[in-house]
Amino acid sequence: GMRGWLGGSSGINAEYGGAGNHYAEIQVVDEIFNPQAARRMGIDEPGQVCVMIHCGSRGLGHQVATDALTEMERAMRRDNIVVNDRQLACARINSEEGQTYLKAMAAAANYAWVNRSSMTFLCRQAFAKLFHSTPDDLDMHMIYDVSHNIAKIEQHMVDGRQKTLMMHRKGSTRAFPPNHPLIPVDYQLTGQPVLIGGTMGTCSYVLTGTEKGMHRTFGTTCHGAGRAYSRAKSRRNLDYLTVLENLRAKGISIRVASPKLVMEEAPESYKNVTDVVNTCHGAGISDKCIKLRPIAVIKG
């Protein structure tokens, strides 16, 4: 059976350049580590087909971040806030600068939710058209949709007391444990699905959130492999055609908007996603559930 599975990213991407990483991957379930949790997600057996969608923010996230950095640097001088890296620029949550940033971030995130909904709709339509069926008959239900690189107000234990905190996750994603009030009823017993997008042409994973992660990392885990090379260095060192040939050799078909993107997002630009996932699993901050391998990649 076909299973639609959609991953998400937020509209805020505070990296300089703000290009964002946009893709849709058609994937096949390669391995199931936790059959019970996988079944809650509608994944019953290896060989099932899933779709993972990720959108970055292009210039919008960059603009929001740049505007906020300028304002916050002024606010930090005024409020005597000192940090050891310019990119950690911040402002008090209830200050005018803090509230302005949060409103801009929310506007961008709303845009991202709508964007992913639209891509989900178009993806379902494409499958329905190709297979002369309907998305429902193809069993294309959504497993999980989540924003990462975003600030959220949450309750956490600090020094034995429950506190209301603003959790700002960057390069990471929320991974709430079983029985957490903020995760859907379907996942109360298993913990929140955590979507780990692999790099173009490597594998991806779905993990589940853990109680240990709630205490150790405020309910947070990695959201991908993480870069080994910067975007600029990737463009200098990698050859566009070689990257495409490597994908073809693995039996992966690819459609891409520009050669530049292929090099920036090539597997060689990233750390090994399996190593990163095994580290999170070993540390107990999230548990391995499903491994997926790509059969088709669309980069925008």
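All values reported here derive from a predicted model rather than from experimental measurement.

1. With respect to the overall build of the chain
Looking only at helices and strands, the chain features eight helices and ten strands. Computed over C-alpha atoms, the radius of gyration of the chain comes to 20 Å, within 12% of the 19 Å expected from 2.2 N^0.38 for 300 residues, which places it in the range of a compact globule. Once the C-alpha set of the chain is aligned to its principal axes, its extents read approximately 60 × 45 × 35 Å. Put simply, 73% of the contacts in the chain that link residues at least 6 apart link residues at least 24 apart. Accessible surface, the chain as shown: approximately 15000 Å² in total, 54% of it carbon and sulfur. A gap of 3 Å separates the mean positions of the 35 positive and 28 negative side-chain charges of the chain.

2. A look at helix α8 (residues 273–283)
Taken together, the buried positions of α8 are occupied by V273, V276, V277 and C280. Along the axis of α8, the buried residues cluster in a sector spanning 95 degrees; they form a single face. More than 90 degrees from the buried face of α8, the exposed residues found are T279 and G282. Here α8 starts with a cap whose side-chain oxygen sits 2.8 Å from the backbone nitrogen of T274, and that cap is N272.

3. Remarks on unusual backbone geometry
A positive phi angle is found at D139, which is not glycine, with a value near 65 degrees. Position of D139 among the secondary structure elements: in the loop between α3 (96–130) and β3 (150–158). A positive phi is found at N149, a non-glycine position, where the angle reads about 55 degrees. Looking at the element boundaries, N149 is found in the loop between α3 and β3.

4. Examining the nonpolar core
Among the nonpolar cores identified, the biggest contains 20 residues, and M41, I43 and I290 are the most heavily contacted of them. Taken together, the elements giving at least two residues each to this core come down to β1 (23–32), α1 (35–40), β2 (49–54) and β10 (286–299). Top contributing element to this core by residue count: β10, with three residues. When sequence neighbours within four positions are dropped, the list of residues in contact with M41 reads H141, I143, Y187, P193, V206, T208, C289 and I290. One finds A75, I81, Y101 and A109 within the second-largest nonpolar core, a separate group that totals 15 residues.

5. Comments concerning the pairing of β3
Put simply, side chains in a regular strand alternate between the two faces of the sheet. Sheet topology places β3 next to strand β4 (residues 161–169); nine bridges connect them, and they run antiparallel. Across the sheet, V158 pairs through a bridge with R161, a residue of β4. Here β3 folds back onto β4, and the loop between the two strands holds two residues, one of which, D159, carries a positive phi near 50 degrees.

6. Details of helix α6 (residues 240–249)
If you check which residues of α6 are buried, you get V243, L244 and L247. Projected down its long axis, α6 shows its buried positions confined to an angular sector of 95 degrees, all on one face. Exposed and facing more than 90 degrees away from the buried side of α6 are L241 and A249. G251 lies just past α6 and shows a positive phi near 80 degrees.

7. A word on the packing of aromatic side chains
How two aromatic rings sit relative to each other is set out by the distance from centre to centre and by the angle between their planes. A full pass over the atoms with the stated rule returns three aromatic pairs. With 6.0 Å between their ring centres and 75 degrees between their planes, Y144 and Y187 make a pair best called edge-to-face. Of the two residues, Y144 sits in the loop between α3 and β3 while Y187 sits in the loop between β5 (172–174) and β6 (193–196), which places them 43 residues apart along the sequence. Across the pair, Y187 and Y144 agree in class, each one buried. Geometry around W113 places R116 over its ring, the cationic atom sitting 4.5 Å from the centre. One Lys or Arg, K288, reaches over the ring of F33 and ends 4.5 Å from the middle of that ring.

Calculation notes
Residues numbered from 1 in each chain as written. Predicted model: local features only at pLDDT ≥ 70, side-chain atom pairs only at ≥ 80, totals over all residues. Heavy atoms only, no water. Helix = DSSP H or I, 4+ residues; strand = E, 2+ residues; numbered from the N terminus. Rg over C-alpha atoms; globule rule 2.2 N^0.38 Å. Contact = heavy atoms within 4.5 Å. Areas by Shrake-Rupley, 256 points an atom, 1.4 Å probe, with all protein chains shown as cover. Lys, Arg positive; Asp, Glu negative; His and termini not counted. Charge placed at Lys NZ, Arg CZ, Asp CG, Glu CD. Buried < 20%, exposed > 50% of the residue type's maximum accessible area, 1.4 Å probe, protein only. Arc of directions from axis to C-beta. Polar contact = N/O pair within 3.5 Å; in protein donor to acceptor, adjacent residues only side chain to side chain. Core = buried A, V, L, I, M, F, W, Y, C linked by side-chain atoms within 4.5 Å. Pairing = 2+ DSSP bridges. Phe/Tyr/Trp six-rings, centres within 6.5 Å; stacked < 30°, edge-to-face > 60°. Lys NZ or Arg CZ within 6 Å of the ring centre and 35° of its normal.

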